[in-house]
Amino acid sequence: MTTVKIVRIWWRMRYPAYLLGIVVGMVMMWLPVKTFNDTDAWEDRLRADGVPIQAVIYETVHKGRNSNTMHMRYQVAGAARQAEVGCWEVCLPADTAVRIWVNPDDPDDFVTEFGTLSGNRGRLQGAVGAAGLILSGTMLAAVVGRFLGRRRDRRRRDWQSQQRDQRRRQFLNARGGTKRKPSRR
């Protein structure tokens, strides 16, 4: 199938399919917001219920403009652990002590004193939210386009029917069999 055929098939779909696409896109856009709220709540819970530990940053890696990483070491219940934390807002130099709160049930789950959670959280949800924005925007544009197209078609049909009525009136008002000479005025 070519792209044109796919677009034509989408265009011929009825409004319930468009509305379903808008609703699905809105739900997809809501997912990153919910994830953000959940991670904020988890951060607060770790600060309240977690075990405070001192971690040491042993290396800061600058890979690119937006992909900086800090590698840290810490000990939980006598076991040495290593973790990496992305540093978008705060990048500390090596041999810096950082306070972290560790989840007692999962020693690899923690929050730093500057509010960064361990692991990569929310990246997938952000991509799903962007896809939802594109989906709902496309469906909304299709609904508006169909509405304006029908409105334009209705105006054209009204104009055509007015022209037809006018021609009928002219035909009915004409006198049969008499021809007038044009005036010379």
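This text goes with the structure placed above it.
Residues numbered from 1 in each chain as written. Predicted model: local features only at pLDDT ≥ 70, side-chain atom pairs only at ≥ 80, totals over all residues. Heavy atoms only, no water.

A.B. asks: Account for the environment of G86, naming residues and giving values.
C.D. replies: With respect to the helices, strands and loops of the structure, G86 is situated in strand β3 (residues 79-86). Measuring from C-alpha to C-alpha, the distance between G86 and T69 comes to 4.5 Å, with 17 residues separating the pair along the chain. Those residues in contact with G86, other than ones at most four positions away along the chain, are N68, T69 and T116. (Helix = DSSP H or I, 4+ residues; strand = E, 2+ residues; numbered from the N terminus. Contact = heavy atoms within 4.5 Å.)

A.B. asks: Talk me through the sheet that holds strand β5 (residues 110-112); I want residue IDs and the actual numbers.
C.D. replies: Pairing between the strands of a sheet comes from backbone hydrogen bonds, and it takes one of two forms, parallel or antiparallel. Taken in spatial order, the five strands line up as β3-β2-β1-β4-β5 in an open sheet, and their pairing is antiparallel. Bordering the open sheet on either side are β3 and β5, each of which pairs with just one other strand. Across this sheet, the average inter-strand angle for adjacent strands is 35°, counted without regard to direction. For strand β2 (residues 68-76) and β3, the ladder comprises eight bridges, and the chain directions are antiparallel. Looking at β3, one finds that V76 is bridged to A79. (Pairing = 2+ DSSP bridges. Axes fitted to C-alpha atoms, helices over the stretch in contact; angles between N-to-C directions.)

A.B. asks: Please set out the pattern of salt bridges residue by residue, giving values where relevant.
C.D. replies: Considering all chains together, one arrives at five salt bridges under this definition. Ionic pairing is found between R47 and E43, a salt bridge with its closest N-O pair at 3.4 Å. Of this pair, R47 and E43 are both found in helix α2 (residues 15-49), four residues apart, which corresponds to roughly one turn of the helix. Notably, a salt bridge pairs R81 with D108, separated by 3.4 Å at the nearest N-O pair. Of this pair, R81 sits in strand β3 while D108 sits in the loop between β4 (96-102) and β5, placing them 27 residues apart in sequence. (Salt bridge = Lys/Arg side-chain N within 4 Å of Asp/Glu carboxyl O.)

A.B. asks: Break down the nonpolar core for me, with residues and values.
C.D. replies: By size, the foremost hydrophobic cluster in this structure holds 14 residues, and its most contacted members are I53, M72, Y74, I100, V102 and F110. Counting residues per element, the ones that place at least two in this core are β1 (51-62), β2, β3 and β4. Among the elements that take part in this core, β2 stands out by supplying four residues, more than any other. Listed in part, the five residues of the second largest apolar core include Y18, I22, A142 and V143. (Core = buried A, V, L, I, M, F, W, Y, C linked by side-chain atoms within 4.5 Å. Buried < 20%, exposed > 50% of the residue type's maximum accessible area, 1.4 Å probe, protein only.)

A.B. asks: An account of the pairing of β1 is needed here, citing residue identities and associated values.
C.D. replies: Alignment of β1 against β4, held across seven bridges, turns out to be antiparallel. When the bridges of β4 are listed, I57 appears paired with T96. Bridge count between β1 and β2: six bridges; the pairing is antiparallel. By the bridge assignment, H62 is partnered in β2 with N68.

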